[in-house]
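# Chain and residue survey
What follows is the residue order along each chain.
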Amino acid sequence: MARNTLARIDVAAVGHNLARVRALAPNSRVMAVVKADAYGHRLDLCLPALAGADMLAVATLEEARAIRRLGCELPVILLEGLIRDGDLSVAADLGLELTIHHPAQVVALQNFGKAPTPRLWLKLDSGMHRLGMDAVSGREAHRCLLALPGAEQVNLVTHFASADAVDSSTTCDQMARFREVTAGLSGELCLANSAAILGHPESHGDWVRAGILLYGISPYPDRTGESLGLKPVMTLTTELIAINDVPAGERIGYGGRFTAPSDMRIGVAGIGYGDGYPRSLVDGTPVRVGEHECKLVGRVSMDMITIDLAGAPEAGIGDRVILWGRGLPVERIAGHADTIAYELVCRITRRVRYRAF
């Protein structure tokens, strides 16, 4: 029998979350971000539920190729753009729209001799200082891009550094800088990422970029997706493969990190860091066994974890274990791993089977 470790993908929840984004930004078009294999949720499973998006966004050329191989004809933007002639030819063949964030990319397009698509996206640095042009180079780039043969429209985009910190003034400062830099330039505006869709409606502009929201996950460290009206898309599950009685005083797992304070019934579940379940998780991390919440005890190993079954006294071998998802928000688990939910869902490894429902 195959190892029953599954990432269950609720396709209908993707559609629900897209509708929730539209309700939050009713006057904006939606760019659905599906990079990193739909944030670890499998592009091929999620794509049908995103047919109602206005555009898809990816980071790499190969991700865009995957969309086209799946037969999807929605507009696709490459968020990091391109610079090599050969890649620009591929982008033109596949009808991919480009983000231009550096003067070198403008030169590459001029050498290429045309715009790969009629619509281009100029990224301006409003304060994150990662990708994007400053005011002077941005205005010159805007002029040069519009002069390219085949270019009909140059839209204007930026990215917020701290939109997930609702009380921070950084996002407001970035919005003000962006408005100043783009004053008088033609093109539609795209500022809001997932956190800004929720917390900064004044940033919505002509387009919004919905990423983690589509997968039912909160961009805020202190909120869950469900508290924001979203539905979790991924539920990561496995089974109990053994149950052992451990006497008081005995130590459990690698390094003996956890010592049994009393006689304990310990479940062993078939999942570990080899599947993407992080080794950094601490004792007490919540785990659901059947309908009951239990706790992780002992260090996560490559293939297995150990669970205190005090909360599920009737548990038996073969019972389902939920690591995150329905009934156990991934945001809670991320807090116990000292990371963000984005990382957890993106790190699932190839030996975990995916199943849509």
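Anyway, here's the lowdown on the structure attached to this text. (Residues numbered from 1 in each chain as written. Predicted model: local features only at pLDDT ≥ 70, side-chain atom pairs only at ≥ 80, totals over all residues. Heavy atoms only, no water.)

Bringing the state of the cysteines into the picture now. Applying the stated criterion across every chain, the model contains zero disulfides. Unpaired in terms of disulfides, Cys190 finds its nearest cysteine sulfur in Cys172, a separation of 18 Å. (Disulfide = S-S within 2.5 Å.)

With that settled, the discussion passes to the pairing of strand S5 (residues 96-100). Regular strands place their side chains on alternate faces of the sheet. Most of S5 sits inside the fold, with five of its five residues counted as buried. Where strand S4 (residues 76-78) meets S5, three bridges bridge the pair, whose relative direction is parallel. Residue pairing for S5: Leu78 is matched across the bridge by Leu98. Considered for its hand, the β-α-β crossover made up of S4, helix H5 (residues 85-94) and S5 is right-handed. Across two bridges, the pairing between S5 and strand S6 (residues 119-123) is parallel. Within the sheet, the bridge partner assigned to Ile100 lies in S6 and is Leu122. (Buried < 20%, exposed > 50% of the residue type's maximum accessible area, 1.4 Å probe, protein only. Helix = DSSP H or I, 4+ residues; strand = E, 2+ residues; numbered from the N terminus. Pairing = 2+ DSSP bridges. Right-handed = clockwise from strand over helix to strand, strands pointing away.)

Let us now look at the pattern of salt bridges. Under the defined criterion, the tally for this structure stands at 16 salt bridges. Put simply, Asp10 and Arg326 hold a salt bridge, and the shortest N to O gap is 2.9 Å. Here the residue Asp10 occupies a position in the loop between strand S1 (6-9) and helix H1 (11-24), and Arg326 occupies one in the loop between strand S17 (320-324) and helix H10 (330-336), the gap between them amounting to 316 residues. On the accessibility criterion, Arg326 (44% relative accessible area) is partly exposed. Ionic pairing is found between Arg65 and Glu62, a salt bridge with its closest N-O pair at 3.3 Å. Placement of the pair is Arg65 and Glu62 together in helix H4 (residues 61-69), with a separation of three residues, close to one helical turn. Classification of Arg65 by relative accessible area gives partly exposed; the value is 29%. Salt bridges sharing common partners tie together Arg3, Asp275, Asp303 and Arg351. (Salt bridge = Lys/Arg side-chain N within 4 Å of Asp/Glu carboxyl O.)

Moving on: the packing of H4 against H5. At a closest axis distance of 11 Å, the pairing of H4 and H5 adopts a crossing angle of 25°. In terms of axis orientation, H4 runs roughly parallel to H5. The way H4 lies across H5 gives a crossing that is left-handed. From H4, Leu61, Arg65 and Arg68 reach across to H5, where they touch Asp87, Val90 and Leu94. (Axes fitted to C-alpha atoms, helices over the stretch in contact; angles between N-to-C directions. Parallel < 35°, antiparallel > 145°, perpendicular 65-115°, else oblique. Left-handed = near helix turned anticlockwise from the far one by under 90°. Contact = heavy atoms within 4.5 Å.)

Strand order around the closed barrel formed by eight strands is S2-S3-S4-S5-S6-S7-S8-S9, with parallel pairing between neighbours. Strand-to-strand twist in this sheet, taken as the mean axis angle between neighbours without regard to direction, amounts to 30°. Alignment of strand S2 (residues 29-33) against strand S3 (residues 55-58), held across three bridges, turns out to be parallel. Note on S3: the bridge partner recorded for Met31 is Met55.

Residue position: Glu188 is located in the loop between helix H8 (170-182) and strand S8 (189-192). Under the relative-accessibility criterion, Glu188 is labelled buried at 18%. Among the polar contacts made by the side chain of Glu188, one reaches the side chain of Trp207 at a distance of 2.8 Å. Leave out the neighbours within four places in its chain, and Glu188 touches Arg29, Gln153, Asn155, Leu156, Asp206 and Trp207. (Polar contact = N/O pair within 3.5 Å; in protein donor to acceptor, adjacent residues only side chain to side chain.)

Membership of the largest hydrophobic core comes to 116 residues, with the highest contact counts inside it found for Leu56, Ile307 and Trp324. Sequence-distant contacts of Ile307, defined by excluding residues within four places in its chain, comprise Leu240, Arg265, Ile266, Gly267, Ala269, Val287, Val289, Cys294, Lys295, Val297 and Val321. Within the second largest apolar cluster, seven residues are counted, among which are Val246, Phe258, Ala260 and Met264. (Core = buried A, V, L, I, M, F, W, Y, C linked by side-chain atoms within 4.5 Å.)

Of note, Arg8 is situated in strand S1. Setting aside chain neighbours within four positions, we find Arg8 in contact with Val233, Met234, Thr235, Thr237, Arg320, Arg355 and Phe357.

Attention now goes to the environment of Pro26. Checked against the element boundaries, Pro26 lands in the loop between H1 and S2. Between the alpha carbons of Pro26 and His204 there is a distance of 9.3 Å; along the sequence they are 178 residues apart.

Secondary-structure assignment places Asp44 in helix H3 (residues 43-46). Its relative accessible area of 35% is what places Asp44 among the partly exposed residues. Residues Asp44 and Ile67, spaced 23 residues apart in sequence, show a C-alpha to C-alpha distance of 8.2 Å. In terms of polar contacts, Asp44 uses its side chain to reach the side chain of Arg42, at 2.7 Å.

Our next topic: the packing of aromatic side chains. Under the counting rule described, the total for this entry stands at four aromatic pairs. Here Tyr39 and Tyr342 contribute two aromatic rings whose centre-to-centre distance is 6.4 Å and whose plane-to-plane angle is 40°, an arrangement assigned as tilted. A residue pair is termed long-range when its members are at least 10 positions apart, and Tyr39 in helix H2 (residues 35-40) and Tyr342 in helix H11 (residues 341-346) qualify at 303 residues. Grouped by ring-pair contacts, the aromatic residues Tyr39, Tyr215 and Tyr342 constitute a single cluster. (Phe/Tyr/Trp six-rings, centres within 6.5 Å; stacked < 30°, edge-to-face > 60°.)

This is a description of form; function is not addressed.
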